[in-house]
Amino acid sequence: NLYASAVKDIKTKEVIIKLVNTSDNIQEVTINLSGKRLASKGTVITLKSDELSDENSFDSPKNISPKESDIKLKRGKVQIKLEGQSLTILKLKMK
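Being a predicted model, the structure only gives us computed values, none of them experimental.

A. Looking closely at the overall build of the chain. Across its full length, the chain holds zero helices and seven strands. Its helices and strands in sequence order give the chain the pattern β-β-β-β-β-β-β, from N to C terminus. By principal-axis analysis of the C-alpha atoms, the chain measures approximately 45 × 30 × 20 Å. Taken over 95 residues, the chain has a buried fraction of 31%. Sequence-distant contacts, at least 24 apart, represent 69% of the contacts inside the chain between residues at least 6 apart. Counting only carbon and sulfur atoms, one obtains 48% of the accessible surface of the chain, whose full area is about 6,900 Å².

B. Seen up close, the sheet that holds strand S5 (residues 67-72). The five strands lie next to each other as S1-S2-S7-S4-S5, forming an open sheet whose pairing is antiparallel. A strand with exactly one partner marks an edge of an open sheet, and here the two such strands are strand S1 (2-9) and S5. Here the average twist between neighbouring strands, direction ignored, is 20°. Summarising the sheet, strand S4 (residues 41-48) and S5 pair through six bridges and their orientation is antiparallel. The residue of S5 that forms the bridge with Lys41 is Lys72.

C. Local environment of the pairing of S4. Pairing between S4 and strand S7 (residues 86-93): six bridges, direction antiparallel. By the bridge assignment, Val44 is partnered in S7 with Leu90.

D. Structural view of the environment of Pro66. Considering the arrangement of structural elements, one finds Pro66 in the loop between S4 and S5. The exposure class assigned to Pro66 is exposed, which follows from its relative accessible area of 57%. When the C-alpha atoms of Pro66 and Lys36 are compared, they prove to be 27 Å apart, with 30 residues separating the residues in sequence. Setting aside its immediate chain neighbours within four residues, Pro66 contacts Ile45, Thr46 and Leu47.

E. Representation of the pattern of salt bridges. A full pass over the atoms with the stated rule returns three salt bridges. Between Lys41 and Asp70 there is a salt bridge, with the nearest N and O atoms lying 4.0 Å from each other. Taken together, the positions of Lys41 in strand S4 and Asp70 in strand S5 put the pair 29 residues apart, joining distant regions of the chain. Among the salt bridges present, the one from Lys48 reaches Asp50, with a minimum N-O distance of 3.4 Å.

F. Just the side chain of Thr88, in detail. With respect to the element layout, Thr88 can be found in strand S7. Dropping the residues within four chain positions of it, Thr88 is found in contact with Ile17, Lys18, Leu19, Val44, Ile45, Thr46, Ile80 and Leu82.

Thresholds applied
Residues numbered from 1 in each chain as written. Predicted model: local features only at pLDDT ≥ 70, side-chain atom pairs only at ≥ 80, totals over all residues. Heavy atoms only, no water. Helix = DSSP H or I, 4+ residues; strand = E, 2+ residues; numbered from the N terminus. Buried < 20%, exposed > 50% of the residue type's maximum accessible area, 1.4 Å probe, protein only. Contact = heavy atoms within 4.5 Å. Areas by Shrake-Rupley, 256 points an atom, 1.4 Å probe, with all protein chains shown as cover. Pairing = 2+ DSSP bridges. Axes fitted to C-alpha atoms, helices over the stretch in contact; angles between N-to-C directions. Salt bridge = Lys/Arg side-chain N within 4 Å of Asp/Glu carboxyl O.

Any link to function would need more than the numbers given here.
Here you go:
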């Protein structure tokens, strides 16, 4: 019920982690990022809808839209709660 991928973007000097929670339930995840020199603060972008059948339209173009927030890296780890049926993207700058 949880899928992930990670990449290092050399151009933007970021580590980008994509997480998909296909479960209906919230999942709490700890990601160990030790070994890389990263900024202590990053960005979280979440895409989610309460109904799987939701879609954007001309009448409701922002029915499903990304929500952006900040996240803190503590001792080389990130803790995050993934909403059910969601896509979450973490972006952390490399030092």
